[in-house]
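Working through the structure, step by step
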Amino acid sequence: MKSGGETVTASARRGRILRLPTAKDMEDSTITAFMRWLCDHRALAFADYPELWEWSIREPEQFWSALWDYFEIETSAPYEVVRRGTTIQDTAWFPGARLNFAQHLLRHERRLADRPAIICHSEDGASREWTWSELGNAVRCLATQFRAMGIQPGDRIAGYLPNTSEAAIALLAATAMGAVWSSCSPEFGANAALDRFGQIEPKVVIAVPRYHYAGKLRDRGATVDEIVAGLPSVSHLVIVSNDETDWQPSGSVPNVISFARLLETPATPAEEFRFEALPTDHPLWIVYTSGTSGPPKAVVHSHGGALLGAMKDLGFHIEVTEKSRLFFYCTTSWIVWNLMLSGLSLGASVVLYDGSPFEPDIGRLWSIAEHAKATVFGTSPGFIAKMIDKDYRPSTHHPLEALEVVVLAGAIAEDNVCDWLAAELPPHARTILQAGSTEICGGYAGGVRLLPFRSGEITARVLGMDVEAFDKNMNTVRGEMGELVIRTPFPNAPQCLWNDPDGSRFVETYLSEIPGMWRQGDIITIFADGACRIAGRSDATIKRNGVRMGSNELYRALTDEPRIADAIAVCPQAGRFNGQLLLFVQMSGGGALDDKIHREIERTISDTLSPRHVPDLIVQAPAVPYTVTGKRIEVQLRELLEQRIAPEQFAMALQHDPETAAWYTAFAMTGAA
């Protein structure tokens, strides 16, 4: 433990071993299959995963070219070299090759025509399966219609859509003909959508005039009108609605047509359809950072990079194959949605759910996983914390016979969440933790079936990602918290930020603090065996009287306190709470935070961590603010308390939970609970 202005940490504590690899794991792992292939086709032998990982970062050209061949990437022109350039910003991967992302996702139609590709569920209980053949026909039909609209490669198509088949079809159709896809979910208000789409000037907007969430029909007609009015670049508005007559835009969009009508036109036969053959660095989609203070950054990923990165992460670290069915609870605003659909590239089926995770009851997602025979279920630690709080035991309600893996992503999974899952899931199902980001279009640390899994720990750094923990002097550290840095180039890095022609904003944001290396913005502990713990965002790191500490340490210290259901900690650096460490706690079962519990919280934190970690103020809150995908909203809450953002900006991140937003806004204004 350090003091005197340095990091104070309890991160060196290791999690309890929950699962050891079995002989079947070692035999059946997709990583084992890859190592066998490397032996047969490259004369390379590796004793274990650490050796394989070390090779993947030491010999990047060999590693990424091996992946290219292993996944049988199809091109209309071969690549000239594996890479040109030396830095993350200037490296070009597989220059000369021409390919198409959507073509790789749909190529399995040739073999799996009648098998389900997409399985859709909605909040009202309806479901629909799309076979590979049906999906392929719909994509070819819509892509042909986009071409008829005059859309050219490089033009942008934007979706204001929930997690439905229409959104998936639109993404594939847009990228099939070389357009650049971008989307956000309809809980976003007009201003939030325009903050994103206004930067990229789409020519087509595909939108829903209403959607269901948490048992309510939510009207978005006026919002769509406002979005389109704010986008003079739009030439076509495509409406997704079950009834074409129930809503029409009030603005003056030149062309308005229904999504269903576009799909009624005859599909181009598969053998005649032309996927646009594109350079590997051609823009694929544009995704966005949160944008709570200033406009969200518009991050551009490429056809080649996103494809290879997704196939690697899904194929080796989640063990996805063509027998898999992927079900991630996510929205079209989150990069996880894009990555889930990328599972089609491995021949897997994808399960989409449009609705609340708790409607009509708390077991909703487990019911879908059971009904859809999901082999992979991805959710947030916050969702599992809700199960623990409500004592909902999934395996007692759902057989989950097909389930192989539960993936926890999007937020930090404390030890108690992992312990609970290990006890409550069927014995054949294992848990993995994944950590990544929107910017890198995938993971930097994740599951490895060949290695032990410990509570609260990510098993290993993922293949091809040269991840390190740096102290303030830029020295690598083990067993203590450091700044997460990616030291060398990787294909799934962003191509650029949109409207950043000279790349200066890109460099300033990600590459300037540690020249030549990617600063992810997370705090990580890497242990000697390669396992990792994430302590949170470095911009959410608590800075108190010159001492840096991770908020996750506080949450972990409270995990054994049954009277606390959840908590969030921030330390504002301005305003009425300047320099004070605030801990907001949500009590279990409607209990009250009395003086006795207050003192016990202080004592627990002092004994478990240090006296310096004891909050200045402990406040009972009705709920902890989370994004719709399960991330604690720490940075935005701190900025609200610092009066650096307006209440409306804070509420934007909590559009799905306005009551919680209102409570924290009132507290920020009055200082009283």
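Our subject is the structure listed above.
Because the structure is predicted, anything quoted here is derived from the model rather than measured.

Thresholds applied
Residues numbered from 1 in each chain as written. Predicted model: local features only at pLDDT ≥ 70, side-chain atom pairs only at ≥ 80, totals over all residues. Heavy atoms only, no water. Helix = DSSP H or I, 4+ residues; strand = E, 2+ residues; numbered from the N terminus. Rg over C-alpha atoms; globule rule 2.2 N^0.38 Å. Buried < 20%, exposed > 50% of the residue type's maximum accessible area, 1.4 Å probe, protein only. Contact = heavy atoms within 4.5 Å. Areas by Shrake-Rupley, 256 points an atom, 1.4 Å probe, with all protein chains shown as cover. Lys, Arg positive; Asp, Glu negative; His and termini not counted. Charge placed at Lys NZ, Arg CZ, Asp CG, Glu CD. Pairing = 2+ DSSP bridges. Axes fitted to C-alpha atoms, helices over the stretch in contact; angles between N-to-C directions. Parallel < 35°, antiparallel > 145°, perpendicular 65-115°, else oblique. Nonpolar A, V, L, I, M, F, W, Y, C, P; charged D, E, K, R; others polar. Core = buried A, V, L, I, M, F, W, Y, C linked by side-chain atoms within 4.5 Å. Phe/Tyr/Trp six-rings, centres within 6.5 Å; stacked < 30°, edge-to-face > 60°. Lys NZ or Arg CZ within 6 Å of the ring centre and 35° of its normal. Polar contact = N/O pair within 3.5 Å; in protein donor to acceptor, adjacent residues only side chain to side chain. Disulfide = S-S within 2.5 Å. Salt bridge = Lys/Arg side-chain N within 4 Å of Asp/Glu carboxyl O.

1. Here we look at the overall build of the chain
Along the chain, the regular secondary structure elements total 23 helices and 35 strands. Taken over C-alpha atoms, the radius of gyration comes to 24 Å for the chain, in line with the 26 Å a tight globule of 673 residues would show. Counting only C-alpha atoms and orienting by the principal axes, one finds that the chain spans roughly 70 × 65 × 55 Å. Residue burial in the chain is summarised as follows: out of 673 residues, 60% are buried. Restricting to contacts in the chain with at least 6 residues of sequence separation, those with at least 24 account for 70%. For the chain, the accessible surface area stands at approximately 25,300 Å², while carbon and sulfur atoms represent 49% of it. For the chain, the distance from the average site of its 62 positive side-chain charges to the average site of its 82 negative ones is 3 Å.

2. Focus on helix α9 (residues 190–200)
Most of α9 sits out of view: eight of its 11 residues are buried. Here α9 has its buried residues at Ala190, Ala192, Ala193, Leu194, Arg196, Phe197, Gln199 and Ile200. Tucked into the core, α9 has its buried residues touching β7 (156–160), β8 (180–184), α10 (221–229), β15 (283–288), β16 (298–302) and α22 (647–652). Just past α9, the residue Glu201 takes up positive phi, approximately 50°.

3. Quick look at the environment of Phe197
Topologically, Phe197 is positioned in helix α9. Using a relative accessible area of 0% as the deciding quantity, one classes Phe197 as buried. Sequence spacing of Phe197 and Ala298 is 101 residues, and the spatial spacing of their C-alpha atoms is 9.1 Å. In contact with Phe197, other than residues within four places in its own chain, are Ala158, Gly159, Ser182, Ser183, Cys184, Pro202, Leu231 and Tyr288.

4. Some details on the pairing of strand β27 (residues 481–486)
Across the six residues that make up β27, a large majority, six, are buried. Two strands pair when backbone bridges link them, and strand β26 (residues 467–470) and β27 are joined in this way by four bridges, in the antiparallel orientation. Bridging from a neighbouring strand, Phe470 pairs with Glu483 of β27. With five bridges joining them, β27 and strand β29 (residues 518–526) adopt antiparallel strand pairing. In the strand pairing of β29, Ile486 is matched with Trp518.

5. Focus: the sheet that holds strand β23 (residues 442–446)
Strand order in the open sheet formed by three strands is β22-β23-β25, and the pairing between neighbours is antiparallel. Since the sheet does not close on itself, it has two edges, and those belong to β22 (435–437) and β25 (460–461), each with one partner. Direction of pairing for β23 relative to β25: antiparallel, over a ladder of two bridges. From the neighbouring strand, Ala445 faces β25, where its bridge partner is Arg461.

6. What about the packing of helix α8 (residues 165–176) against helix α13 (residues 335–342)?
The geometry of α8 relative to α13 is characterised by a closest axis approach of 11 Å and an angle of 75° between their N-to-C directions. Relative to α13, α8 is oriented roughly perpendicular. On the side of α8, the interface is formed by Ala167, Ala168 and Leu171, while α13 contributes Trp337, Asn338 and Leu341. Class assignment of the residues belonging to the contact of α8 with α13 gives a composition of five nonpolar, one polar and no charged.

7. Some points on the nonpolar core
What tends to happen in soluble globular proteins is that the nonpolar side chains get buried as a cluster. Formed by 158 residues in total, the largest nonpolar core has its most connected members in Leu52, Phe146, Trp181, Ile206 and Trp285. The element best represented in this core is α8, accounting for nine residues. Grouped together as the second largest cluster of nonpolar side chains are 42 residues, Val585, Ile601, Val614 and Phe667 included.

8. Focus: the pairing of β23
Counted residue by residue, β23 has five buried out of five residues, so it is predominantly covered. Note: β22 against β23, three bridges, orientation antiparallel. Residue pairing in the sheet places Ala435 in a bridge with Ala445 of β23. Counting the residues that bridge the hairpin from β22 to β23 gives four residues, and of these Cys441 lies at a positive phi of roughly 55°.

9. Observations concerning the sheet that holds strand β30 (residues 532–537)
The strand order across the open sheet formed by four strands is β26-β27-β29-β30, and the pairing between neighbours is antiparallel. Of all strands in the sheet, those with a lone pairing partner are β26 and β30, marking the two edges. For this sheet, the mean angle separating the axes of adjacent strands, direction not counted, is 45°.

10. Quick notes on α10
Since the α-helix packs 3.6 residues into each turn, any two residues three or four apart lie on the same face. Inspection of α10 places Gly221, Thr223, Val224, Asp225, Ile227 and Val228 among the buried residues, and these make up the whole buried set. In this structure, the buried residues of α10 make contact with β7, α9, β9 (204–207), β11 (216–219) and β12 (236–239).

11. Quick notes on the packing of aromatic side chains
Scanning all chains against the criterion turns up 34 aromatic pairs. Relative to Trp55, the ring of Phe46 has its centre 5.2 Å away and its plane inclined at 45°; by these criteria the two rings are tilted. Over the aromatic face of Phe358 sits the side chain of Lys386, whose NZ or CZ is 5.9 Å from the ring centroid. Here Arg461 stacks its cationic end above the ring of Trp53, 4.0 Å away from the centre of that ring.

12. With respect to the environment of Arg576
Turning to its location among the elements, Arg576 is positioned in the loop between β33 (564–570) and β34 (582–587). A relative accessible area of 46% places Arg576 in the partly exposed class. Spatially, the C-alpha atoms of Arg576 and Glu642 are 7.5 Å apart, while their sequence positions differ by 66 residues. Among residues more than four places away in sequence, those in contact with Arg576 are Ala668, Met669, Thr670 and Gly671. Polar contacts involving the side chain of Arg576 include one to the main-chain carbonyl oxygen of Met669, which spans 2.8 Å.

13. Observations regarding the state of the cysteines
Applying the stated rule across the entire model yields zero disulfides. Free of any disulfide, Cys441 has its nearest cysteine sulfur in Cys330, 13 Å distant. Under the relative-accessibility criterion, Cys441 is labelled buried at 1%. Cysteine Cys496 remains unbridged, with the sulfur of Cys441 as its closest cysteine sulfur at 13 Å. Owing to a relative accessible area of 29%, Cys496 belongs among the partly exposed residues under this scheme.

14. Things to note about the pattern of salt bridges
Per the counting criterion, the structure on display carries 37 salt bridges. With its nearest N and O atoms 3.4 Å apart, the salt bridge here joins Arg449 to Glu319. Pair noted here: Arg449 is in the loop between β23 and β24 (453–454) and Glu319 is in the loop between α12 (303–317) and β17 (325–328), with a separation of 130 residues, a long-range link. In this structure Arg449 comes out as buried when scored by relative accessible area, which is 16%.

15. Structural notes on the side chain of Thr438
Among the structural elements, Thr438 can be located in the loop between β22 and β23. Judged by relative accessible area, which is 15%, Thr438 ranks as buried.

16. A closer look at the side chain of Asp155
Mapped onto the fold, Asp155 is located in the loop between α7 (132–148) and β7. Judged by its relative accessible area of 11%, Asp155 falls in the buried class. A polar contact of 2.8 Å, which involves the side chain of Asp155, links it to the backbone nitrogen of Gln152. Of the polar contacts made by the side chain of Asp155, one reaches the side chain of Lys203; its length is 3.5 Å. Not counting residues up to four positions away in its chain, the partners in contact with Asp155 are Gly150, Ala179, Val180 and Lys203.

Function cannot be read off these values alone, since they describe shape.
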